[in-house]
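Residues per chain, in single letters:
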Amino acid sequence: MRGRSDGGQKKRLITSVCVVALFLGFIYLYHGSIFGSSRGASALEYGSRSLRKLGSSYLGGDDDADGKQDDSTKFGQEDGEDDIIPKSFPVCDDRHSELIPCLDRHLIYQMRLKLDLSLMEHYERHCPPPERRYNCLIPPPPGYKIPIKWPTSRDEVWKANIPHTHLAHEKSDQNWMVVKGEKIVFPGGGTHFHYGAGKYIASIANMLNFSNNKINNEGRLRTVLDVGCGVASFGAYLLKHDVIAMSLAPNDVHQNQIQFALERGIPAFLGVLGTKRLPYPSRSFELAHCSRCRIDWLQRDGILLLELDRVLRPGGYFAYSSPEAYAQDEEDLRIWKEMSALVGRMCWRVAAKRNQTVVWQKPLSNDCYMEREPDTQPPLCRSDSDPDAVWGVQMEACITPYSDYDHKVQGSGLAPWPARLSNAPPRLADFGYSDDMFEKDMEMWRRRVESYWNILSPKIQSDTLRNLMDMKASMGSFGASLKGKDVWVMNVIPEDGPNTLKLIYDRGLIGTIHNWCEAFSTYPRTYDLLHAWTVFSDIEKKGCSAEDLLLEMDRILRPTGFVIIRDKQSVVDFVKKYLTALHWEAVATDSTSDSDGDEVVFVIQKKLWLTSESIREAE
């Protein structure tokens, strides 16, 4: 065949076909991206008649966006670099109105991650790499309204804000939620408390012989972990007893249960008992609760029960309402027998058992552990295993013994609530902090919070704020200073700093560990106020994108919500350049209110805006 002319023609033909194919592919991708992103491409600012074209790309993979992100961490930019600051951000497609970047199953499928579904790994955090991060504003759903205020919101929310009625039909016989016109109503029912969470809570208190059937046990029971919480009605009805629950559930087939909880104003968090430790220190909760949470507690040598054991305080309780506790069929009896044997080896005892519920109690000291037969399973954890290390740490199938202090005092040594809020926590000594340091920190944040409220007072009423987040909580004194307000605070501790989250739980508050270089585990529009104390300066040191952080803060902030930034002047100047693009509005700047060094306080409010398509659909 050598030297024949048709071979050259064939090569030229193949080359031509490839060139044409590449050209057509380019045209398809170009026009596809334009037409595919036209949904939600314009934004209408609330109260304005002018439309503003913003585009709608979702994943931030283009070169220009990457360049912006790299430069955005340089807070000390020269005036000549203003051209890299956008006048507007693109708006994500409407179908991303409930995007949770690190809990996005579409991303898992796209990246073809090899996950063990039987271990619930697909419900754990899997964050997009930098080239696949979104670089757009998350739009509210069609017809979105400012959320109903607390305490009315405990019992009803706007259906337009969370347009999911699947649970109302699936759980119609259990009184989880009911659709009534434009609202979704929450009667307070649950799978194992058809007569309401209030009566169910009182029955647990009665089972445990707490005085006056009050679940707070005269202030000795304050923090609760509710796993598989549904729409968090259990946590909602605990609040009136001065008990606060971390209501936990995955982003699973029970559509948006955590989003409903947060819309109602109830403390809640997206998470799962899978392969990694829960983001809470050891000895954080007085009570763990599971009402038909559909968890296989016997799997992997009881590793999930052992994780509950890690986060329970000395003498803490596990209330378990499930068929295994009362049903008489062969399978339920088998599970009950094996589970009873397992918790017995863990040194738990049955504190009470009635009807559909059993309550186990954890021991007060190490005595029972020391008295077990050699080689009893599960074993005690190694002495070099840190029970408070939780960020990305794998669970272990072992029992976490008590510290010498807890063993000696036979308990946590905590004062009853509310005294524990202002008393120096026993675990202060773990950080080398003195009682005097704690008291000074408390007084400093008391003054600062008072100043914040003075700044906000022209903009807020007593019921304006409900869900608050302290993005860098230290010892929790910001949240502690808000005790007189009808709010709750998600206290966030950086994953690479002192793990002071255990001090926060010892004070009767709640929180989690997080790395602000990544997206937070919550739905969009779930917090009324974000407090960012030197958070931008911290991520600058890590080399992370401050622009990404701004977009993430906008994602989790409710429309008309507030941001309080306390940081250096260059950070405030940087953020000011992005206000228009984010639809944020400056409220006040204060460089005199109890600032340390060059710290400046900058208060911002997020405007309510809707995409033009959302408005058309709502109409």
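Numbers given to residues run from 1 along each chain, matching the order in which its sequence is written. Side-chain atom pairs in this predicted model are given and counted only at pLDDT of 80 or more, local residue features only at pLDDT of at least 70, and totals for whole chains, interfaces and linings cover all residues. In computing side-chain properties, one takes all heavy atoms of the structure into account and sets aside hydrogens as well as water.

1. Remarks on the sheet that holds strand 3 (residues 156-158)
Sheet strands pair via backbone hydrogen bonds, and the direction of the pair is either parallel or antiparallel. Heads up, the condition is: Here the rule is simple: two strands pair whenever DSSP picks up at least two bridges between them. Only runs of H or I of at least four residues qualify as helices and only runs of E of at least two qualify as strands under DSSP, and these elements are numbered from the N terminus. Here the axes come from fitting lines to C-alpha atoms, over the contacting stretch only for helices, and the angles between their N-to-C directions go from 0 to 180 degrees.
On the basis of which strands lie adjacent, the open sheet formed by three strands has the order 3-5-4 and antiparallel pairing. Two strands in the sheet have a free side with no partner beyond their single neighbour: strand 3 and strand 4 (178-180). Strand-to-strand, the axes of this sheet are offset by a mean angle of 30°, without reference to chain direction. Looking at chain direction, strand 4 and strand 5 (residues 183-185) are connected through three bridges and run antiparallel. Within strand 5, the position partnered with Val179 by the bridge is Ile184.

2. Overview of the state of the cysteines
Selection rule: A pair of sulfur atoms, both from cysteines and within 2.5 Å, is called a disulfide here. Each residue's exposure class comes from its accessible area (1.4 Å probe, protein chains only) as a fraction of the maximum for that residue type: buried when under 20%, exposed when over 50%, partly exposed otherwise.
In this structure the tally under the stated criterion is six disulfides. Sulfur-sulfur distance for the disulfide between Cys92 and Cys136 comes to 2.0 Å. Judged by the sign of its S-S torsion, about 85°, the cystine formed by Cys92 and Cys136 is right-handed. With Cys92 in the loop between helix 2 (63-72) and helix 3 (105-111) and Cys136 in the loop between helix 3 and strand 3, this residue pair connects regions lying 44 residues apart in the sequence. Exposure class is identical for Cys92 and Cys136. Each is buried.

3. Describing unusual backbone geometry
Residue Trp150 is joined to Pro151 through a cis peptide bond whose omega torsion reads 10°. Within the secondary structure, Pro151 sits in the loop between helix 3 and strand 3. At the junction of Gln377 and Pro378, the peptide bond is cis and its omega measures out at 0° in the coordinates. Tracing the chain through its elements places Pro378 in the loop between helix 10 (367-371) and helix 11 (404-409).

4. Overview of the sheet that holds strand 14 (residues 488-494)
Read across the open sheet, the seven strands follow the order 15-14-13-16-17-19-18; overall the sheet is mixed. For this open sheet the edge positions go to strand 15 (510-514) and strand 18 (584-590), each flanked by a neighbour on one side alone. Mean inter-strand twist for the sheet, computed between neighbouring axes without regard to direction, equals 20°.

5. Digging into the packing of aromatic side chains
Stated precisely, the cut-off is as follows: Working definition: a ring pair exists when centres of Phe, Tyr or Trp rings (six-membered ring for Trp) sit within 6.5 Å. Plane angles under 30 degrees give stacked, over 60 give edge-to-face, the rest tilted. Charges are assigned to positions over rings by a cutoff of 6 Å between ring centre and Lys NZ or Arg CZ, combined with an angular limit of 35 degrees from the ring normal.
Applying the stated rule across the entire model yields 22 aromatic pairs. Both rings, one in Trp488 and one in Tyr527, keep their centres 5.9 Å apart while their planes meet at 55°; by these two values the pair is tilted. Here Trp488, found in strand 14, pairs with Tyr527, found in strand 16 (residues 527-533); they are 39 residues apart in sequence, far enough to count as distant. Grouping residues by exposure puts Trp488 and Tyr527 together as buried. On the basis of an interplanar angle of 15° and a centroid distance of 5.7 Å, the ring pair of Trp516 and Phe520 is categorised as stacked. By the burial criterion, Trp516 is buried, and Phe520 matches it. Here the aromatic cluster, defined as three or more aromatic residues joined through ring pairs, consists of Trp297, Phe318, Tyr320, Trp336, Trp348 and Trp360. Note that Lys353 overlies the ring of Trp336, its terminal NZ or CZ placed 5.1 Å from the centroid. Here the guanidinium or amino end of Lys472 rests over the ring plane of Trp533, the centre of that ring lying 5.1 Å away.

6. Side note on the pairing of strand 16
Both faces of the sheet carry side chains from a regular strand, because those side chains alternate between them. Counting buried positions over the seven residues of strand 16 gives seven, a clear majority of the element. Direction of pairing for strand 13 (residues 467-470) relative to strand 16: parallel, over a ladder of three bridges. Within the sheet, the bridge partner assigned to Met469 lies in strand 16 and is Leu530. Sheet analysis places strand 16 next to strand 17 (residues 557-568), joined by six bridges and oriented parallel. Residue pairing in the sheet places Leu530 in a bridge with Val563 of strand 17.

Function cannot be inferred from these measures alone, as they are strictly geometric.
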